[in-house]
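Understanding the architecture of this molecule
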There are 2 protein chains.
Amino acid sequence: MTRVVTIRDVAKAAGVSLSSVSRALNGGKHVSPRIARDVIEVAKRLGYRPDFLARSLRTRSSGMVGCLVSDVSNPLNATIVRAAEAKLREAGYLMVVASTANDPNRERAAADEFRGRRLDGILVAPGSGANETIWRELASGATPVVILDRDPIGDDGDPRWPAVLVDHRGGAKAATRYLLGLGHRRIALLTADAHMRPSRERIAGFREAFAEAGADPAGAQLCIQSTPMDFAQGDTLALLGGERRPTAIIALGTRILAGALRAARDLGLSVPRDLSVVSVGDTDLAAIHTPAITALRWSLEHVGHAAAELLLQRLRGDIAQAQSRALLEVDLVLRESCAAPRCS
Amino acid sequence: MTRVVTIRDVAKAAGVSLSSVSRALNGGKHVSPRIARDVIEVAKRLGYRPDFLARSLRTRSSGMVGCLVSDVSNPLNATIVRAAEAKLREAGYLMVVASTANDPNRERAAADEFRGRRLDGILVAPGSGANETIWRELASGATPVVILDRDPIGDDGDPRWPAVLVDHRGGAKAATRYLLGLGHRRIALLTADAHMRPSRERIAGFREAFAEAGADPAGAQLCIQSTPMDFAQGDTLALLGGERRPTAIIALGTRILAGALRAARDLGLSVPRDLSVVSVGDTDLAAIHTPAITALRWSLEHVGHAAAELLLQRLRGDIAQAQSRALLEVDLVLRESCAAPRCS
DNA sequence: GCCTTTCTTGAAATCGTTTCCAGAACACTT
DNA sequence: AAGTGTTCTGGAAACGATTTCAAGAAAGGC
């Protein structure tokens, strides 16, 4: 195997010093045009490729950003990750991912390792209960951090890091208002992880809509799925089979929606005649289901892009004009799954 | 900001040489127990954390592996990536991902950059037409490569790299045999990227089943979706609305299945009465659809794990006992979407 | 008690870059 | 022609670890 060609070889071959080669190759400032041309030509001929490790060591910048997310295989996260990755790659950064399965220990370990590897920045969406430990861990480093749809509030109440936030509150409010407008009075919100931002905001919006409309708040039923096992079918069966069952549901669009639809079918409830359904998140399932499910939609690509942009601003050092947060709006996509309730 | 603590600081504080610190911290061989204990204690007290970049530069091993995949946001890929990442992380490797959107140029660029970053190994599932260029690019390096469900055949006909292969042929054959057994004689296979391994193998298995059963091969209809735009709904409409329409379809379970189901609905075809459906891949959609769709299932986690394992064998240098490929079987999960065709 | 072997130890080299520094070359002004 | 900047250039010092090497110390065998 032939040894890899280093900057030293190029210098020798071109008959100049190491420093000149380095200067010629990056920037080209403080170097005469003739030498620059020669060096570049020789480097190409020899097939020289700079060693990022060595460069990183010297420049104290690894050219990599980390992405800490509960589970990349969740399509919602995956799309965000891909979008962010694409934008960061454009800017010359490599992205390393770590799925943590919502396990605080693994989150800590990953954050720890990210710092050891001197990553230039971190995108993070901590899972369930880990918020405190992982954020403390991150805070101890000087690495720029951007939060994905989580609360960036520190102990002192100040936003500690920039964040990309989705307006789940506004979305839930719009959906609820829509259902109330159709005449529904008992509506259930099926969501997960009540103490995390997305669900918390949704719940808030849900209740606000009831309050605004002057509807009986007892009609706003919550169904929290802490473990989205077997598509949450069991809980939904109980909910829909109960005495004062809701005439409409707003369900998280990944697995919970699937479980809810199946439960409805098992109970012989027809959508939208007996039950109106709104999906939180416009998934394939929602779009393709029969009938097609009305959905709250926000752009996952935007989330990824915005996060990457926020991080890049920090990395470029544009602290002055760097925004500290991005708020993404949520749309209600009307389809066929909602109707006025039958006289109850 | 306080400067980061290096091995030099530890040496000074412990009153020993740099080499002793290094020895004490890794392995602990060739160092007296007393010094080892002292050094470890001092290192912990000072909060020393080794710099991976510096270490990598010296040891010529970055501790990172790359993953080159067409699109991480595809749930199938995402699951594989997550599984591989988990296993590699256990072994101390970090994983960097690059989605290439099937763009040969981006694939090349990514492979290029991976090499520049001195990644220790690469997991790769090239998209469409890029096979040649990207493999040539990879072949020029000495980095261990593991192929994900693609043909690892080189110009000379020899398998160049280890690969994790899914038995799509066997799966398609089983599904086709099942449908033929139900009495279907006109079956359509809806798949994508006919020249890539997964679809090619499927097509082969599909035809083999027809041949084995002595059925008229003209009944084996192919519908190749090169662009899975709008869920391939248009093509499927034409197929199902045509003169000698198939009585059963086997459809790729991501978006094509969705388009097919919608097309069937639009044409007023009831599943399974008028049309039997088998999904290739057990997606949420297949499991939750009404009626539930019979599906070909293989474990994406296994693919990821197997790929990681194959790569780790190479990285550990167990070339001697390293396997060169893993073949994963495909099961047919029977549900409610298939029935005997009505007398035609 | 001396020689040989093994084990510890620290100094120094190395990995491949970038960057600081000082001197050289050159152009320009007076 | 001398003085004063400005731009190029190469040597050498980082960056922070690991690893080689040789010397010193301890242990063991006769």
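Check the entry above for the structure.
Everything in this summary refers to the structure shown in the same document. Given the structure is predicted, the values throughout are model-derived calculations rather than measurements.

The tally for this structure, following the rule as stated, stands at 46 salt bridges over all chains. For B:D284, the salt bridge goes to A:R255, with nearest N and O atoms at 2.9 Å. Taken together, the residues B:D284 in helix α12 (residues 284-288) and A:R255 in helix α11 (residues 255-266) connect one chain to another. Classification of A:R255 by relative accessible area gives partly exposed; the value is 36%. Between B:R265 and A:E336 there is a salt bridge, with its nearest N and O atoms 3.9 Å apart. One end of the pair, B:R265, is in helix α11 (residues 255-266); the other, A:E336, is in the segment after β12 (331-333), on a second chain. Each of the salt bridges in this network shares a partner with another, and the network as a whole consists of A:R169, A:K173, A:R177, A:E201, A:E208 and A:E212.

On to the protein's contact with DNA strand C, then. Residues in contact with DNA strand C amount to 27 residues; listed here are only the nearest, A:I7, A:S22, A:R58, B:S32 and B:R58. For DNA strand C, the backbone portion of the atoms within 4 Å of the protein, that is sugar and phosphate, comes to 61%. In this structure, a phosphate oxygen belonging to DNA strand C sits 3.1 Å away from a side-chain N or O atom of A:N26. The side chain of A:R55 places a nitrogen or oxygen atom 3.2 Å from a phosphate oxygen of DNA strand C.

A few words on the interface of chain B and chain A. Interface size is commonly expressed as the accessible area that is lost once the parts come together. Facing the 55 residues of chain B at the interface are 56 residues of chain A. Counting across the interface, chain B meets chain A through 12 salt bridges. Between chain B and chain A we count 25 residue pairs in polar contact (both at pLDDT 80 or more) in total. Only α4 (52-59), α5 (75-90), β2 (94-99), α6 (104-116), α11 and α12 of chain B provide two or more residues apiece to the side of chain B that touches chain A. Sheet topology places strand β2 (residues 94-99) of chain A next to β2(B); three bridges connect them, and they run antiparallel. Directly across from A:V96, in β2(B), lies its bridge partner B:V96.

Let us now look at the protein's contact with DNA strand D. Around DNA strand D lies a shell of 27 residues, among which A:S32, A:R58, B:I7, B:S22 and B:R58 are the nearest. Of what DNA strand D places within 4 Å of the protein, 63% of the atoms are sugar or phosphate. A:S19 is positioned with one of its side-chain polar atoms (N or O) 3.1 Å from a base oxygen of DNA strand D. For the surface near DNA strand D, the elements supplying multiple residues, two or more each, are α2 (18-25) and α4 (52-59) of chain A together with α2 (18-25) and α4 of chain B.

Reading the values: the criteria
- Residues numbered from 1 in each chain as written.
- Chains lettered and ligands numbered in written order.
- Predicted model: local features only at pLDDT ≥ 70, side-chain atom pairs only at ≥ 80, totals over all residues.
- Heavy atoms only, no water.
- Salt bridge = Lys/Arg side-chain N within 4 Å of Asp/Glu carboxyl O.
- Helix = DSSP H or I, 4+ residues; strand = E, 2+ residues; numbered from the N terminus.
- Buried < 20%, exposed > 50% of the residue type's maximum accessible area, 1.4 Å probe, protein only.
- Near = heavy atom within 4 Å.
- Polar contact = N/O pair within 3.5 Å; in protein donor to acceptor, adjacent residues only side chain to side chain.
- Contact = heavy atoms within 4.5 Å.
- Pairing = 2+ DSSP bridges.

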